[in-house]
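# Remarks on the overall topology
Here are the chains, one letter per residue:
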Amino acid sequence: MSGYLQRMKEKARAFEGRGDLLVLGIESSCDETACAVLRGKRILSNKIASQIEIHKRFGGVVPEIASRNHVLAIDNLVGEALDEAGVKAEELDAIGVTYGAGLLGALLVGESYAKALAYALDKPLYAVNHIRGHIAVNYIASPGLEPPFVCLIASGGHTAIALAKGYDEMKLLGTTQDDACGEAFDKVARVLGLPYPGGPRIQELAAGGKPVIPLPHPFKGSDTLDFSFSGIKTAVINYANSVKMKGEELPAADLACSFQELVTDIMADNLVRAARMYNCNKVVIAGGVGANIRLREKVEERAKERGLTAFYPSVKLCTDNGVMIAAQTLCMIKAGRQPSDFDLDADANLPVSG
């Protein structure tokens, strides 16, 4: 054990019972460089440098370009986050950084910066699971929320149902067998001629349509909590191609609406069914697709019908941000997890349970 890690473990022991910890969260797993400072559950700052406009011309995120832009943004962004919070770096109690899952090069930028900062300040460093961060941000958005609860994880790279047994104890109940829901939204958006990112664009287009186009419902009638979106996506592509071959005008709004209604139905139904199966009275939405208005409405409706309480963060806290990383850092500290040493490595394929 290194001398640094030994010192950090001693510092972490002093965190027990404190609700006012000052934590910096650093996120760089994809195309947003993000930093935030929390004082307990209070957000002091939340800074995000988005690369959406840079990657839009390519129709998706280019990993090498994302990494370079993280390098350009991260130091200034951390400085801005600290300034907005009104604190000095030396006052921080701990630093949390995303180490997976995500784009490897992008992860390494944030992780390397966080290691250097932790070393310079002699502060504990916590390795944060990106997906668990999406879940943990609900503790900030809804301070009264406590585990256990069942959570729908809906993002560009993940779709899953998990049981949160404790602040840092998770059981995976179901996952996607192919595309994540966010991937499916992006791919369908391309077919409809919509720009990246696809989710918000499909939501806008769907508002003017009706769910009148039949699409396949995977696992219909099954007890599984798993998901499959590839067949739905393929059906949309085939429908669009058949209309084009006939020389007819594509009913884009109706197709977007039909797709969105089916996908959000499946996610909301699985979430509420999982709560019933595991005897939980709370359901939670986490991840970027959690910003979808129809998904929120359906979860609220189904939860109310069954006497459940639904929780989800603001739209701003659904997408990748530093608050969620700082929030998960606090959960790890609360659960007694130990700080990381400097041999910490990024894990592009880190599972939800990791």
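Residues numbered from 1 in each chain as written. Predicted model: local features only at pLDDT ≥ 70, side-chain atom pairs only at ≥ 80, totals over all residues. Heavy atoms only, no water.

### Here's the deal with the packing of aromatic side chains
A ring pair, where both rings are aromatic, is described by two values, the distance of the centres and the angle of the planes. Under the convention used in this document: Only Phe, Tyr and Trp rings are paired, with Trp represented by its six-membered ring, and only when their centres lie within 6.5 Å; those with planes under 30 degrees apart are stacked, over 60 edge-to-face, the remainder tilted. Numbering goes from the N terminus for both helices and strands, where a helix is a DSSP run of H or I of at least four residues and a strand is a run of E of at least two. The buried label applies to any residue whose accessible area, calculated with a 1.4 Å probe on protein chains only, is under 20% of its type's maximum; exposed applies above 50%, and partly exposed to all values in between. Two conditions define a charge located above a ring, namely a distance within 6 Å from the ring centre to NZ of Lys or CZ of Arg, and an angle within 35 degrees of the ring normal.
For the structure on display, the rule yields six aromatic pairs. Plain terms: the ring middles of Phe185 and Phe259 are 5.1 Å apart, the flat faces sit at 80° to each other, and that makes the pair edge-to-face. In this pair, Phe185 sits in helix 6 (residues 181-191) while Phe259 sits in helix 9 (residues 252-277), placing the two residues 74 residues apart along the sequence. Accessibility assignment for this pair places Phe185 and Phe259 in one class, buried. An aromatic cluster of at least three residues, connected via ring pairs, comprises Tyr4, Tyr119 and Phe342. For the cation-ring pair, Lys334 lies above Tyr167, with the distance from its terminal atom to the ring centre recorded as 5.1 Å.

### Considerations on the layout of surface pockets
Stated formally: Grid points spaced at 1 Å over the protein atoms alone were grouped into cavities, where a 1.4 Å probe fits but cannot get out, and pockets, open sets with protein on both sides within 12 Å along at least five of seven lines, with lining residues defined by an atom within 4 Å of a point. Grid points are joined across faces, edges and corners, and a volume is the space filled by probe spheres set on the points. Charged residues are taken to be Asp, Glu, Lys and Arg, nonpolar residues to be Ala, Val, Leu, Ile, Met, Phe, Trp, Tyr, Cys and Pro, and polar residues to be all remaining types, Gly included.
Approximately 1200 Å³ is the volume found for the largest pocket. Around the largest pocket, the lining is made up of 43 residues, and of these Ser155, Gly156, Gly157, Asp186 and Tyr196 lie nearest the centre. Of all the secondary-structure elements, those providing two or more residues to the lining of the largest pocket are helix 5 (130-141), helix 6 and helix 7 (198-206). The greatest single-element share of the lining of the largest pocket, amounting to six residues, is contributed by helix 6. For the second largest pocket, the calculated volume is near 500 Å³. In terms of lining residues, the second largest pocket is bounded by 25 residues, among which Arg18, Leu21, Leu330, Ile333 and Lys334 are the most central. Among the secondary structure elements, those contributing two or more residues to the lining of the second largest pocket are helix 1 (3-13), helix 5 and helix 12 (322-334). Considering each element in turn, the lining of the second largest pocket owes the most residues, five residues, to helix 12. Among the residues making up the lining of the second largest pocket, the classes are represented as 13 nonpolar, five polar and seven charged.

### A word on the nonpolar core
Worth spelling out the cut-off: The definition of a nonpolar core used throughout is a set of buried Ala, Val, Leu, Ile, Met, Phe, Trp, Tyr and Cys residues joined through side-chain atoms within 4.5 Å. Throughout, a residue-residue contact means that at least one pair of heavy atoms, one from each residue, lies within 4.5 Å.
Membership of the largest hydrophobic core comes to 45 residues, with the highest contact counts inside it found for Phe259 and Met267. Mapped by element, the contributors of at least two residues to this core are strand 6 (149-154), strand 7 (159-166), helix 6, helix 7, helix 8 (230-245), helix 9, strand 9 (282-286) and helix 10 (293-305). Here the element with the most residues in this core is helix 9; it accounts for 13 residues. Leaving out residues up to four positions away in the same chain, Met267 has contacts with Leu152, Ala154, Thr159, Cys181, Phe227, Phe229, Val289 and Leu295. Membership of the second largest hydrophobic core comes to 37 residues, among which are Ile135, Val137, Ala286 and Ile333.

### A few points about the sheet that holds strand 9
The line we're drawing: Any two strands with at least two DSSP-identified bridges between them are counted as paired. Think of each axis as a best-fit line through the C-alpha atoms, taken over the contacting stretch in the case of a helix, with angles from 0 to 180 degrees between the N-to-C directions.
In spatial order, the strands read 8-7-6-9-10; together these five strands make up an open sheet with mixed pairing. Whereas interior strands pair on both sides, the edge strands pair on one side only; in this sheet they are strand 8 (169-175) and strand 10 (309-311). Taking the axes of each pair of neighbouring strands and ignoring which way they run, one obtains an average angle of 25° across the sheet. Alignment of strand 9 against strand 10, held across three bridges, turns out to be parallel. From the neighbouring strand, Val284 faces strand 10, where its bridge partner is Phe311. Of the strands in this sheet, strand 6, strand 9 and strand 10 touch helix 10, which is tilted by about 175° from strand 9.

### Description of the packing of helix 6 against helix 9
In plain terms, the rule: In these notes the angle categories are as follows: under 35 degrees is roughly parallel, over 145 is roughly antiparallel, 65 to 115 is roughly perpendicular, and the rest is oblique.
Running from N to C, helix 6 and helix 9 cross one another at 175°; their axes reach a closest spacing of 12 Å. In terms of their interaxial angle, helix 6 and helix 9 are classed as roughly antiparallel. Contacts between helix 6 and helix 9 involve Cys181, Ala184, Phe185 and Val188 from the first element and Phe259, Gln260, Val263 and Met267 from the second. In terms of residue class, the contact of helix 6 with helix 9 is made up of seven nonpolar, one polar and no charged.

### Some remarks on the sheet that holds strand 4 (residues 94-100)
Strand order in the open sheet made by the five strands is 3-2-1-4-5, with mixed pairing throughout. The open sheet is flanked by strand 3 (42-50) and strand 5 (125-129), the only strands paired with a single partner. Between one strand and the next, the sheet's axes are offset by a mean angle of 20°, whatever the strand orientation. Where strand 2 (residues 32-39) and strand 3 come together, eight bridges link them in antiparallel fashion. Within strand 3, the position partnered with Glu32 by the bridge is Ser50. Where helix 5 meets the sheet, it contacts strand 1 (22-27), strand 2, strand 3, strand 4 and strand 5, and its direction lies at approximately 100° from that of strand 5. Helix 12 rests against strand 1, strand 2, strand 3, strand 4 and strand 5 of the sheet, and its axis sits at about 125° to strand 1.

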